[in-house]
Amino acid sequence: MGGRPRPRFRSVWVFHVDASACNGCDIEVLDVLTPFYDVERFGVKLVPTPRQADALLVSGSVNRQAVIGLKRVYEAMPPKPRIVAAVGACAIAGGIFYDSLAVYGGVDKIIPVHIYIPGCPPRPEAILFGLGQLLGLVNKKIEPRILYPGRRVLDRKYGVLFNERLYKDLRYYLTRYVGYYDRDYILDDLLEIINSSRTVEELREKIMDKASRLKDPRLREVYSIAGGYIVEKIREETGAV
Amino acid sequence: MAKYFEKTDKWVVTFKYPLEPLEPPRELRGKPEINPDLCIGCGACAEACPPNAITKEIDYREGYAKIKIFYGRCIYCGRCWEVCPEGAIVLTNIFEMATPSKDDLIYEVNLELHTCSRCGRYTEFTERQVHRAYTLLTGIPRERRKELLDRMFLCRDCRRQVFSHDALRNRRTDKYGRASQTPF
Ligand code: SF4
Ligand code: SF4
Ligand code: SF4
């Protein structure tokens, strides 16, 4: 692997290589050239031939056809800085295509890479952040983390009506209705209501009361459906034992 | 003309971004992170991850289950978030992950494996998984619960042995000593 690039370049002229990308990354690379993100304010300029380029922006998982072109482009660059930036999950380690027979899976298996920009595709801001590192404008923010947490898992606190099994049931039920993003805060909210109530009737009233106070009709629907479900589940559980 | 130039600085749309910090939107699917206090090491996220950015390895020698995320391959789909039974893994909205070294893109959680209460070897599940299974037993009828508790702390081999031993001891025979029925 090549060493780190010199900290400051006045202006880096880049050549963009599409080494069998799905075009997602290529569009984001073009995006950073638009007036909105405007990477040219740092002197980064897209050039039409590798012979003028200081840096390569490579996207894609490098399949067997693309590797020929990629090598030729690399050799055509002037020998001095020869910076390579791998843009996207595919260029870093093969991304979603990593176990395909047709791909090499990673630019660094062919040519040395100086900066890795993760994302699928990376946001234009993420590409700006990567190029900013090349130019010495910003420092990297990520570092490896290897954790050894203890042997005890954190237990959730439940009130009289609830237990872990019912919590899981409610969680899967909500996932089916609202997906994982909205599930999390609705679940927290419902758990608070459940833990603060002592009887099933009280719980039922509280959830319906909460639902009627919500503005969003979709949320109101979800609260009343989930409330009905959990009341039924608690009744079943207390009846069985 | 002067008026025109006065107005232009309001029309500047270009980001200041790498020079100024940027607050990404809350819903942005960025770097996935495992909450080390909640993860039980079940490996559901590793099963669900389409590009196998998350892997689960079991190290029987040291006694650890390793849940390892390699951000370089992650496509930020959020399926790990969806399947995690404990709500341990969440996609944060951090996107500033560009780095000159691939080794920076690793996040690893090591969880201790359970040791079998009969033979003392490491099992293929973690201490935390057993703990969570135990908490799930609340509210189950007592006889059924005892039956489960007897086997919960054993490894797979011991469980099989104990089960067949019990079955042999409890088998019913007729007056000539022949097994009259299947033992269970
Ligand atoms: S990283 Fe994602 S967006 Fe970029 S080329 Fe690969 S699959 Fe396409
Ligand atoms: S977001 Fe998708 S690709 Fe990334 S670790 Fe989770 S499941 Fe894997
Ligand atoms: S699915 Fe969740 S609990 Fe299971 S190993 Fe992954 S992060 Fe940990």
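What counts and what doesn't
Residues numbered from 1 in each chain as written. Chains lettered and ligands numbered in written order. Predicted model: local features only at pLDDT ≥ 70, side-chain atom pairs only at ≥ 80, totals over all residues. Heavy atoms only, no water. Core = buried A, V, L, I, M, F, W, Y, C linked by side-chain atoms within 4.5 Å. Buried < 20%, exposed > 50% of the residue type's maximum accessible area, 1.4 Å probe, protein only. Helix = DSSP H or I, 4+ residues; strand = E, 2+ residues; numbered from the N terminus. Contact = heavy atoms within 4.5 Å. Buried area = accessible area lost by both parts, 1.4 Å probe. Salt bridge = Lys/Arg side-chain N within 4 Å of Asp/Glu carboxyl O. Polar contact = N/O pair within 3.5 Å; in protein donor to acceptor, adjacent residues only side chain to side chain. Nonpolar A, V, L, I, M, F, W, Y, C, P; charged D, E, K, R; others polar. Pairing = 2+ DSSP bridges. Phe/Tyr/Trp six-rings, centres within 6.5 Å; stacked < 30°, edge-to-face > 60°. Expected span 1.5 Å × (residues − 1). Arc of directions from axis to C-beta. Near = heavy atom within 4 Å. Axes fitted to C-alpha atoms, helices over the stretch in contact; angles between N-to-C directions. pLDDT = per-residue confidence, 0-100.

## Things to note about the nonpolar core
If you look at soluble globular proteins, the nonpolar side chains tend to sit buried side by side. Formed by 52 residues in total, the largest nonpolar core has its most connected members in Leu-56, Val-58, Leu-70, Val-107 and Ile-111 of chain A together with Ile-34 and Ile-54 of chain B. With five residues, the single largest contributor to this core is helix H2 (residues 66–76) of chain A. Ignoring sequence-local partners within four residues, the contact set of Ile-54 of chain B consists of Cys-45, Ala-46, Cys-49, Ile-67, Lys-68, Ile-69, Cys-80 and Ile-89 of chain B. By size, the runner-up hydrophobic cluster in this structure holds 29 residues, among which are Val-12, Leu-131, Leu-135 and Val-138 of chain A.

## A closer look at the interface of chain B and chain A
Each partner contributes to the interface: chain B provides 66 residues, whereas chain A provides 60 residues. With both chains or domains summed, chain B and chain A bury close to 5,900 Å², and 59% of this area falls on carbon and sulfur atoms. Counting across the chain B and chain A interface gives nine salt bridges. Close ionic contact of Lys-140 of chain A with Asp-104 of chain B constitutes a salt bridge, the shortest N to O distance being 2.6 Å. Counting across the interface, chain B meets chain A through 27 residue pairs in polar contact (both at pLDDT 80 or more). Those elements that provide at least two residues to the side of chain B that touches chain A are strand E3 (64–70), helix H3 (79–83), strand E5 (106–115) and helix H4 (127–136) of chain B. No other element matches the seven residues that E5 of chain B contributes to the side of chain B that touches chain A. Across the side of chain B that touches chain A, the residue classes tally to 35 nonpolar, twelve polar and 19 charged. Note that strand E6 (residues 145–147) of chain A and E5 of chain B share three bridges and pair parallel. The residue bridging Arg-145 of chain A from the neighbouring strand is Tyr-107 of chain B, located in E5 of chain B.

## Quick notes on the pairing of E5 of chain B
Residues and elements named next belong to chain B. Counting buried positions along E5 yields seven of ten residues, so the element is predominantly enclosed. As paired strands, E5 and strand E6 (residues 122–126) are joined by two bridges and run antiparallel to one another. Pairing of Leu-113 across the sheet is with Thr-126, part of E6. What sits between the antiparallel neighbours E5 and E6 is a turn of six residues, in which Gly-120 has the positive phi angle 80°.

## Points about the packing of aromatic side chains
In total, this model carries nine aromatic pairs over all chains according to the counting rule given. Taking the centre distance of 5.2 Å and the plane angle of 75° together, the rings of Tyr-148 of chain A and Tyr-64 of chain B count as edge-to-face. Within this pair, whereas Tyr-148 of chain A is found in the loop between E6 and helix H5 (164–196), its partner Tyr-64 of chain B is found in strand E3, the two belonging to separate chains. Ring centres 4.9 Å apart and planes at 50° place the aromatic pair Tyr-180 of chain A and Trp-81 of chain B in the tilted group. With one member in each of two chains, Tyr-180 of chain A in helix H5 and Trp-81 of chain B in helix H3 form a pair that bridges those chains. Taking relative accessible area as the criterion, Tyr-180 of chain A reaches 15% and is therefore assigned buried. The class for Trp-81 of chain B is buried, based on a relative accessible area of 7%.

## Here we look at helix H6 (residues 200–213) of chain A
All names here are of chain A. The terminal C-alpha atoms of H6, which comprises 14 residues, lie 20 Å apart, in line with the 20 Å expected from a rise of 1.5 Å per residue. Looking at H6, one finds that the buried residues are Val-200, Leu-203, Ile-207 and Ala-211. The arc that holds every buried residue of H6, seen down its axis, measures 65°, which confines them to one face. Facing away from the buried side of H6 by more than 90 degrees, the exposed set consists of Glu-205, Ser-212 and Arg-213.

## Quick word on the site of ligand 3
The full set of residues close to ligand 3 is Cys-39, Ile-40, Gly-41, Cys-42, Gly-43, Ala-44, Cys-45, Ile-67, Cys-84, Pro-85 and Ile-89 of chain B. For the shell around ligand 3, the per-class residue count stands at nine nonpolar, two polar and no charged.

## Digging into the site of ligand 1
In the vicinity of ligand 1, the contacting residues are Ala-21, Cys-22, Gly-24, Cys-25, Gly-88, Ala-89, Cys-90, Phe-97, Gly-119, Cys-120 and Pro-121 of chain A. Looking at side-chain class alone, the shell around ligand 1 contains eight nonpolar, three polar and no charged residues.

## A few points about the sheet that holds strand E1 (residues 13–18) of chain A
Residues and elements named next belong to chain A. The parallel open sheet is built from five strands, whose spatial order is E2-E1-E3-E4-E5. Edge positions in the open sheet fall to strand E2 (45–46) and strand E5 (115–117), since each of these has one partner strand only. Two elements, strand E4 (residues 83–87) and E5, share three bridges in a ladder whose sense is parallel. Bridge assignment links Val-87 to a residue of E5, and that residue is Ile-117. Contacting strand E3 (55–59), E4 and E5, helix H4 (residues 124–134) runs over the sheet at an angle of about 170° to E5.

## Quick look at the pattern of salt bridges
Here the structure, examined in full by the defined rule, presents 27 salt bridges over all chains. Among the ionic pairs, Glu-112 of chain B bridges to Arg-151 of chain A, the shortest N-O distance being 2.9 Å. Taken together, the residues Glu-112 of chain B in strand E5 and Arg-151 of chain A in the loop between E6 and H5 connect one chain to another. The exposure class of Arg-151 of chain A is partly exposed, given its relative accessible area of 43%. One salt bridge in this structure joins Glu-164 of chain A and Lys-168 of chain A, with 3.2 Å as the shortest N-O distance. Taken as a pair, Glu-164 of chain A and Lys-168 of chain A lie in helix H5 at a separation of four residues, close to a single helical turn. Residue class for Lys-168 of chain A comes out buried when judged on its relative accessible area of 10%.

## Brief notes about the confidence of the model for chain B
Mean pLDDT over chain B: 86, with 86% of residues reaching 70 or higher. Here the predicted complex scores 0.86 on pTM and 0.86 on ipTM.

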